[in-house]
Amino acid sequence: MSKKYLQELEPGYTPLTVCEEASRCLLCLDAPCSKDCPAGTDPGRFIRAVRFRNFKGAAEVVRENNVLGSICARVCPTERYCQKGCARSGIDVPIDIGRIQRFITDFEETNGMKILKKGKPNGKRVAIIGSGPAALQAAASLARLGYEINLYEKEAKAGGYLRYGIPEYRLPTHIVDKEIEYVTELGVKIHLNTTVGKDISLDKLKSDNDAVIVAVGASYGKMLPKFENNPHVEIAVDFLKRVKDSKGQVDLPDNILVIGGGDVAMDVNVTLKLLGVKNISDVVYEEFCEFRASKKELRDAQALGVSIIDGYVPVDVDGKTVTFKHRTIPGEVKITADKIILAVGQYPNVCGLEGIRIVNGESDIKGYVTTDPKVFVAGDIAHLDKTVVAAVRTGKDVASLIHSRIGGR
Amino acid sequence: MIKKDLSINFLGVRFPNPFCLSSSPVGNCYEMCKKAYGAGWGGVVFKTMGYYNFVVDEVSPRFDKLNKENTPFVGFKNMEQIAEHPLDENLADIRRLKKEFPYQVLIASIMGSNDKEWEELARLAEEAGADMLEMNLSCPQMTSHAMGSDVGTNPDLCRRYCQAVKRGSKLPVLAKMTPNITDMIPVAIACLEGGADGIAAINTVKSICNIDLDRKVGMPIINGKSSISGYSGKAVKPIALRFIQQMRADERLKNVAISGIGGIETWEDAVEFILVGSSTLQITTAIMQYGYRIIDDLRNGLMHYMDEQGVDHLSDLVGLANDNLIPAEELDRDYKIYPEINVDECIKCGRCYISCYDGAHQAIKWDADKRLPSVNKEKCVGCLLCYHVCPSGAIKMGEIAFKPGRQGQRKAEDIIH
């Protein structure tokens with residue numbers, strides 16, 4: 001049953017179809033798409049390069065801006081960003097920018113291009129805690145400026161949520177491996193199985209480095225009090241990690257209840273369907289008009305036959321049976337399932353990292369600095385959208401902030 | 001971002017890269033040329049200057065375009081003549097541009113209607129600081145028959161005007177050819193005899209793009225009428241490449257310096273012009289459609305190509321295809337290549353069957369139940385029309401069959417690349 005899960009759900013473009021899509025682009029003046037990417041991607045420029053058959057140049061445009069260009073191409077909710085202002089919408093539908101970017105980065109990989117270059121050593125060292133998107137981008141940005149970079153990752157493999165959270169059908173592991181390789185090729189060292197605060201202290205990192213970036217991510221899934229200690233309940237991020245680790249080899253019952261309406265919930269829904277689960281009901285607090293999940297992910301889940309019930313709150317849990325009440329209309333729904341998966345948000349764990357506190361699942365940090373002048377933050381614990389592209393943005397921002405503060409020879 | 005030296009020496013002038021605006025609406029004034037230089041163009045051929053007494057009086061509207069399916073600008077028709085600004089204003093613009101952009105090339109395009117005007121225009125352009133002159137012997141939409149492509153088909157007149165220009169200036173001179181002629185070679189030779197140093201080819205092709213079906217008038221309609229005028233853009237590229245190749249293949253013109261013009265839009269087009277012998281390149285239609293910014297991918301794409309080819313000097317690429325274009329009677333006619341249909345990639349549209357039956361040799365069999373084509377080798381002549389019409393790339397060049405008794409020593413890899 002895992003075959004479908006292991007294949008990319010959306011087919012990539014071919015050289016022919018990418019040119020067709022690029023030729024739909026209107027090559028606008030002051031292109032709106034190029035103003036709406038948190039990571040500063042310039043789709044107007046790379047689509048133009050594709051249009052004029054300069055695929056290698058297009059790859060340079062993408063890669064020099066974003067070391068995770070191939071990952072973002074696959075997972076970015078582009079309808080919220082670059083595609084939002086696409087002038088083509090005035091004729092029919094926006095350009096599929098993500099898929100064009102995916103073709104370009106795949107082309108780059110197939111052709112073995114080495115676009116990013118390590119900077120001339122500037123004698124400064126930076127330690128980064130975590131190896132998710134923010135950490136990887138900060139590492140790449142600083143390594144290109146000549147910094148010596150060490151990453152500390154608690155897990156056995158690097159990538160954070162990219163590796164353990166985003167399902168294989170949406171983000172193949174080999175893509176994550178490839179982009180981490182682009183980072184390590186810049187001389188960045190990654191220390192695996194190393195928890196800061198346990199295996200190495202923050203003080204030690206501070207004394208060995210000119211700056212420390214905390215980019216630990218919100219990798220822990222939230223629990224709701226009513227569901228605590230219920231043996232039928234699994235937290236969404238734990239479930240997704242289990243499936244990805246085992247390459248889809250997990251036993252699942254026929255009837256599953258999912259609770260949550262964000263991208264993680266949709267990832268769970270689609271994963272379950274691709275693994276062959278017959279009946280899935282997803283009950284969501286938000287109504288459709290206020291959904292947080294990207295439209296594409298919602299569409300994928302619905303197309304695969306997931307039943308999504310919007311506007312309901314769980315009010316009572318009795319083993320496998322959950323009772324929901326509508327938020328505004330009087331009425332309730334009772335669902336009994338063999339398994340319940342909770343996708344109601346994540347929080348970061350900063351245990352052992354004194355100086356950063358978590359309040360209501362968010363860090364108390366404003367911006368990228370902490371009370372300690374040597375310690376910076378990036379990723380989920382800096383306050384931005386919890387998307388990969390926003391994490392990349394924080395990585396770039398914190399890198400340029402550090403560069404402006406400590407500079408280099 | 002890749003960095004490669006794209007500079008080239010052309011008739012003693014160093015071009016930072018081979019890409020120039022051609023003499024046309026895109027290089028009509030100081031502001032336009034300034035923006036083009038800023039965008040990274042290697043040179044500008046400033047829009048053709050006529051003599052003091054020639055008054056340009058343009059029509060409105062003045063353009064038309066040819067579309068095919070959903071692709072606009074397959075070809076472009078233009079009725080504009082030479083520069084509409086007074087000569088002194090153009091010369092002042094050239095002076096100012098050369099002062100501000102000393103390292104980018106400025107070529108002054110000129111057009112007189114008699115010896116004296118040609119000579120005087122050459123002198124004035126050199127005085128204004130131009131690096132090179134281009135003689136416009138080829139504009140097909142002039143309102144005077146003593147100017148433009150009517151002159152460019154007359155070798156004697158071309159020779160004479162080249163002599164006049166050389167009397168007026170010491171600058172290197174390009175003679176710009178009209179394609180509205182069967183054989184360009186006598187004109188090109190006459191120009192070189194007259195003192196021209198190199199050839200610019202091609203100017204636009206005389207055309208009618210479309211006819212308005214209701215009003216029975218060519219397009220664009222100007223008070224109920226229209227005229228034949230110059231056609232440019234991607235559609236003329238094959239014609240331009242042919243003329244350039246023919247000149248380079250002629251013993252008397254071997255290694256002639258050429259500035260290639262005609263439908264260049266991408267770096268791949270540019271490379272084609274270089275491979276048939278162009279050292280510099282000129283572009284208008286693609287700029288009119290997309291703007292000066294196309295220089296980004298022209299330059300970057302050419303750098304990547306040089307990198308792939310292991311070439312450090314652009315000049316090493318000039319003319320590399322010339323010897324591979326030979327007369328039809330010298331081609332190897334000993335074999336045919338059968339198409340190979342990959343069933344897994346076939347999308348079952350049947351277009352190969354239709355084209356083979358109606359346009360070739362009825363050599364594709366069609367399984368109507370499975371909707372699958374196959375090749376009948378008895379009938380197939382190896383024309384490969386099917387390969388060209390297949391929309392999914394499922395048809396490739398397959399088995400090579402030698403005609404009876406004509407085996408030869410060639411290997412498959414020599415024949416199919």
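What you see is a predicted model; the values in this text were computed from it and never measured. Here, residues in each chain are numbered from 1, in the same order as that chain's written sequence. Here chains are named by letter from A upward and ligands by number from 1 upward, in the order in which they appear as written. For this predicted model, a pLDDT threshold of at least 70 governs which residues receive local features, and a threshold of 80 or more governs which side-chain atom pairs are given and counted, while totals over whole chains, interfaces and linings are taken from all residues. To obtain the side-chain values, all non-hydrogen atoms of the structure were included, while hydrogens and water were left out.

So, about the overall build of chain A. Helix and strand definitions here come from DSSP, where helices need a minimum of 4 consecutive H or I residues and strands a minimum of 2 consecutive E residues; each element is numbered from the N-terminal end. A count of helical and extended segments in chain A gives 14 helices and 17 strands. When we talk radius of gyration, it's over C-alpha atoms, and the globule rule is simply 2.2 Å times the number of residues to the 0.38. Relative to the compact-globule value of 22 Å for 409 residues, chain A shows a C-alpha radius of gyration of 22 Å, a close match. Dimensions along the principal axes, computed over C-alpha positions, put chain A at roughly 65 × 55 × 40 Å. Should any heavy atoms of two residues lie within 4.5 Å, those residues are counted as being in contact. Contacts in chain A between residues far apart in sequence, at least 24 positions, make up 73% of those at least 6 positions apart. On chain A, roughly 17300 Å² of surface is accessible, and the fraction owed to carbon and sulfur atoms is 51%. His is not counted, nor are the chain ends; Lys and Arg add positive charge and Asp and Glu add negative charge. Note that the charge is assigned to NZ on lysines, CZ on arginines, CG on aspartates and CD on glutamates. Averaged over its 57 positive side-chain charges, chain A has a centre that lies 4 Å from the centre of its 53 negative ones. In these tables, accessible area is a Shrake-Rupley quantity obtained with a 1.4 Å probe, and a residue counts as shielded only by the protein chains included in the view.

When helices and strands are tallied, chain B shows 13 helices and 20 strands. Its C-alpha radius of gyration of 24 Å places chain B within 12% of the 22 Å reference for a compact globule of 417 residues. With respect to the three principal axes, the spread of C-alpha positions in chain B is 75 × 55 × 45 Å. For every residue, the accessible area obtained with a 1.4 Å probe (protein chains only) is divided by the maximum for its type, and the residue is called buried under 20%, exposed over 50%, and partly exposed between those limits. Looking at chain B residue by residue over its 417 residues, the buried ones come to 54%. A separation threshold of at least 6 residues defines the contact pool for chain B, and within that pool the share at least 24 residues apart is 71%. Put simply, chain B has 48 plus and 54 minus side-chain charges, and the middle of one group is 2 Å from the middle of the other.

The interface of chain A with chain B comprises 15 residues on the first partner and 16 residues on the second. Both faces considered, chain A and chain B share a buried interface measuring about 1400 Å² in area, 43% of it formed by carbon and sulfur atoms. The largest contributions to the chain A side of the interface with chain B come from Arg48, Phe52 and Glu60 of chain A, which together make up 41% of the buried area. A side-chain nitrogen of Lys or Arg and a carboxyl oxygen of Asp or Glu constitute a salt bridge if their distance falls within 4 Å. The tally of links between chain A and chain B comes to five salt bridges. Here Arg53 of chain A and Glu268 of chain B are joined by a salt bridge, their closest N and O atoms 2.6 Å apart. Elements with a minimum of two residues in the side of chain A that touches chain B: helix H3 (43–51) and helix H4 (55–65) of chain A. Across the side of chain A that touches chain B, the residue classes tally to six nonpolar, two polar and seven charged. Accessible area that two parts lose when put together, with a 1.4 Å probe and added across both, is what the buried area reports. Each residue is assigned to one of three groups, with Ala, Val, Leu, Ile, Met, Phe, Trp, Tyr, Cys and Pro labelled nonpolar, Asp, Glu, Lys and Arg labelled charged, and all others, Gly among them, labelled polar.

On to the nonpolar core, then. In a soluble, globular protein the nonpolar side chains are often hidden away together inside. Residues grouped as a nonpolar core are buried Ala, Val, Leu, Ile, Met, Phe, Trp, Tyr and Cys residues, joined through side-chain atoms within 4.5 Å. Ranked by size, the top nonpolar core spans 200 residues in total, and within it Ile128, Ile149 and Ile213 of chain A together with Trp41 of chain B carry the most contacts. In terms of residue count, the dominant contributor to this core is helix H7 (residues 133–144) of chain A (eight residues). The contacts of Ile213 of chain A, once residues within four sequence positions are left out, are Val126, Ala127, Ile128, Ile129, Ala138, Leu142, Phe376, Val377, Ala378, Val398 and Ile402 of chain A. Ranked by size, the runner-up nonpolar core spans 43 residues in total, among them Val270, Leu272, Leu298 and Val317 of chain A.

Attention now goes to the packing of helix H2 (residues 87–100) of chain B against helix H3 (residues 115–128) of chain B. Residue and element names in this part refer to chain B. Throughout, an axis means a line fitted to C-alpha atoms (over the contacting stretch in the case of helices), and angles, computed between N-to-C directions, take values from 0 to 180 degrees. Two elements in contact, H2 and H3, have axes separated by 8 Å at closest approach and are oriented at 35 degrees. In contact with Leu87, Leu91, Ile94 and Arg95 of H2, H3 contributes Leu121, Leu124, Ala125, Glu127 and Ala128. Partitioned by chemical class, the residues of the contact of H2 with H3 number seven nonpolar, no polar and two charged.

This part takes up the side chain of Thr173 of chain A. Residues and elements named next belong to chain A. Mapped onto the elements of the fold, Thr173 is located in helix H9 (residues 173–184). In this structure Thr173 comes out as buried when scored by relative accessible area, which is 15%. Those residues in contact with Thr173 that lie beyond four places of it in its chain are Arg163, Glu168 and Lys244.

All names here are of chain A. Tracing the sequence through the fold places Gln83 in the loop between helix H5 (69–75) and helix H6 (97–110). Relative accessible area serves as the criterion here: at 12%, Gln83 is assigned to the buried category. Here Gln83 is in contact with Thr78, Pro94, Ile95, Asp96, Ile97 and Gly98, once residues within four sequence places are set aside.

Right, let's get into a nonpolar patch on the surface. Together, Ile208, Ile211, Leu213 and Ile228 of chain B give the surface a local cluster of nonpolar side chains, amounting to about 430 Å² of exposed area. Mapping Ile211 of chain B onto the fold places it in strand S12 (residues 211–212). Surface patches are defined over residues having more than 30% relative accessible area and no salt bridge, joining like charges when they lie within 9 Å and nonpolar side chains (Val, Leu, Ile, Met, Phe, Trp, Tyr) when within 5 Å.

Reported domain spans reflect what an automatic or database domain assignment gives. Domain assignment breaks chain B into domain 1 (8–324) and domain 2 (332–416). Centre-to-centre separation of domain 1 of chain B and domain 2 of chain B, based on C-alpha positions: 41 Å.

For the rest of this paragraph, the subject is the sheet that holds strand S3 (residues 19–21) of chain B. Residue and element names in this part refer to chain B. Whether two strands pair depends on DSSP finding at least two bridges between them. If you walk around this closed barrel you meet the eight strands as S3-S4-S7-S8-S9-S10-S15-S16, and the pairing is parallel. Going across the sheet, the axis of each strand differs from the next one's by a mean of 25 degrees, ignoring polarity. As paired elements, S3 and strand S4 (residues 43–49) share two bridges and run parallel to each other. Within S4, the residue paired with Leu21 across the bridge is Val44. Here helix H1 (residues 30–39) sits on the sheet and contacts S3, S4 and strand S7 (105–110); the angle it forms with S4, its principal contact strand, is near 165 degrees.

Once that is clear, we can look at the domain arrangement of chain A. All names here are of chain A. When cut into domains, chain A gives domain 1 (11–110), domain 2 (125–218 + 348–406) and domain 3 (220–346). Spacing between the C-alpha centres of domain 2 and domain 3 amounts to 29 Å. Between domain 2 and domain 3, the contact holds 18 residues from the first and 14 residues from the second. Counting the surface domain 2 buries against domain 3, the share from its top three residues, Tyr161, Tyr164 and Tyr169, is 38%. Applying the counting criterion to the domain 2 and domain 3 interface returns three salt bridges. Across the pair Arg170 and Glu297 runs a salt bridge whose closest N-O atoms are separated by 3.0 Å. In terms of residues, the side of domain 2 that touches domain 3 owes the most to one element, helix H8 (residues 161–164), which gives four residues. A per-class count over the side of domain 2 that touches domain 3 returns nine nonpolar, four polar and five charged.

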